[in-house]
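What follows is each chain in one-letter form.
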Amino acid sequence: MNYNGIDFETYFKHYPDENGFFGKYGGAYISEDLKKAMEEITEAYFTICKSSKFIGELRKIRREFQGRPTPISYLERLSNSLGNVQLYVKREDLNHSGAHKLNHCMGEALLAKYMGKKKVIAETGAGQHGVALATAAAYFGLECDIYMGAVDIKKQAPNVTRMKILGANVIEVTHGLATLKEAVDAAFEAYAREYNDAIYCIGSVLGPHPFPMMVRDFQSVVGIEAREQFLSMTGELPDAVVACVGGGSNAMGMFSGFLNDPVELYGVEPLGRGEKLGDHAASLKYGEEGIMHGFNSIMLKDENGEPAPVYSVASGLDYPSSGPEHAFLHDLGRVKYDVINDEETIDAFFTLSRLEGIIPAIESAHAVAYGIKLAKEMGKGSVLINLSGRGDKDMDYIIEKYGIR
Ligand SMILES: Cc1ncc(COP(=O)(O)O)c(C=O)c1O
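Computed from a prediction, not measured in an experiment: that's the story for all the values here.

Undergrad: Help me understand helix H8 (residues 157–165), please; the structure alone is not making it clear to me.
TA: Residues three or four positions apart in an α-helix share a direction because the helix packs 3.6 residues into each turn. Burial in H8 covers these residues: Asn159, Val160, Arg162 and Met163. Buried residues along H8 cover an arc of 160° about the axis, so they all sit on one side. Structurally, H8 contributes buried residues whose contacts are with helix H6 (128–140), strand E8 (143–149), helix H7 (150–155) and strand E9 (169–173). Trailing H8 by a residue or two, Gly167 shows a phi angle of about 100°, which is positive.

Undergrad: How should the site of the ligand be read in this particular structure?
TA: In the neighbourhood of the ligand, 21 residues make up the surrounding shell, with Gln128, Gly246, Ser249, Gly316 and Gly389 lying closest. By residue number, the principal contributor to the shell around the ligand is helix H11 (residues 249–256), which donates three residues. Here the shell around the ligand is built from residues that sort into seven nonpolar, 13 polar and one charged. Both domains that meet at the shell around the ligand, namely domain 1 (23–62 + 101–211) and domain 2 (67–98 + 220–402), each give it at least three residues.

Undergrad: Would you explain the packing of helix H14 (residues 342–356) against helix H15 (residues 362–378) in this entry?
TA: Packed helices, taken two at a time, are described by the angle between their axes plus the distance between the axes. Packing of H14 against H15 leaves a shortest axis separation of 8 Å and a crossing angle of 90°. Classified by the angle their axes make, H14 and H15 are roughly perpendicular. From H14, Glu344, Thr345, Asp347, Ala348, Phe349 and Leu352 reach across to H15, where they touch Ile362, Ala365, His366, Val368, Ala369 and Ile372. Looking at the contact of H14 with H15, its residues break down into eight nonpolar, two polar and two charged.

Undergrad: Got a minute to help me understand the sheet that holds E9 in this structure?
TA: Where strands meet in a sheet, backbone hydrogen bonds hold them as pairs that are either parallel or antiparallel. Spatially, the four strands line up as an open sheet ordered E9-E8-E7-E10, and their pairing is parallel. Both outer strands of the open sheet, E9 and strand E10 (198–200), are each paired with one neighbouring strand and no more. For this sheet, the mean angle separating the axes of adjacent strands, direction not counted, is 25°. Pairing between E8 and E9: five bridges, direction parallel. When the sheet's bridge partners are listed, Ile146 is paired in E9 with Val170.

Thresholds applied
Residues numbered from 1 in each chain as written. Predicted model: local features only at pLDDT ≥ 70, side-chain atom pairs only at ≥ 80, totals over all residues. Buried ≥ 20, exposed ≤ 12 C-beta atoms within 10 Å, placed from the backbone. Helix = DSSP H or I, 4+ residues; strand = E, 2+ residues; numbered from the N terminus. Arc of directions from axis to C-beta. Contact = placed C-beta atoms within 7 Å. Near = placed C-beta within 6 Å. Nonpolar A, V, L, I, M, F, W, Y, C, P; charged D, E, K, R; others polar. Domains from an automatic or database assignment. Axes fitted to C-alpha atoms, helices over the stretch in contact; angles between N-to-C directions. Parallel < 35°, antiparallel > 145°, perpendicular 65-115°, else oblique. Pairing = 2+ DSSP bridges.

Quick look at the structure:
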């Protein structure tokens, strides 16, 4: 399919280019030392990802350890309550460890093992990437350091405990807003000190090349499975596909299966408390071009041009930028990016729980809320929502803050 001059039939061959660019976005804006480390990772990735041994091992892990393929569920009661639109969810919440994050963590940790590294380092917001990486580290026998903002450590206590049980070191980050951006800052600093023995396993389609490409490739299993499953369940493709966007890994994984199809794609960003800078983290909607954490993308800036403070009820979405491929698809118009606020998210959290018996992660509840909104606007057709994770980690926080609805 050709869309605004881009041939999506051959898209993955050309994007990113050899320097990691999706159009003007992406790249590797880092020190010479780190550039060398990234080149080592890129070279290893391109060699290893083509080897049948690596592919075979990853497939076996996905099948026997992760629980893939995850199913698609038809949301019968929710669909009936909305009229003539059929809603479906891709159940990434049923991944071992509770979210899509394990898809790229098992890939990244397997790569670390092939490269002879002893340790994996990462940041985490909601704790799902941290739990997934701690799981992968335990599986492969690697050391694991997870950097996490002090605010998120309080908010996502069950995941902190899980990481510790799995043997990871959880390192508290207290500077700035003490949330996801600061955790990324700290993890980068640690990696700059330790890159000889460690690999930085970034938690989304973010950071310098090759991470946006590598994480997308590892996550593309979601979209490939979903397309096949949806076709065999319904005989058709969905009319619309919806996913929440923090850094953008679950969305890129899902969208990559449908980019070449006549399917509307929607990325959902968090509007938090409202449109004022500092009250949301909707970077693609309100941001401008800028460089942060080693890549060029669209980001929210303060009056000094620095990354702006951001907020969302969802710790996994409160990041002041999004992956460079999202910025590219945004400018191209192939994916539409829209917003959902905290209140709409909490409503969707309870709606999905009550009508379908599925408690979504608060991040994924943004996509559910948007799917419901879209269904009301569409009147007929089908919507596939990526349910990126399960809500166990959020229950205590939501009940304390919002009560039972
Ligand atoms: C369940 C879940 N969904 C979505 C996200 C957002 O990340 P991404 O945009 O990379 O998928 C997170 C991040 O922690 C998460 O835990």
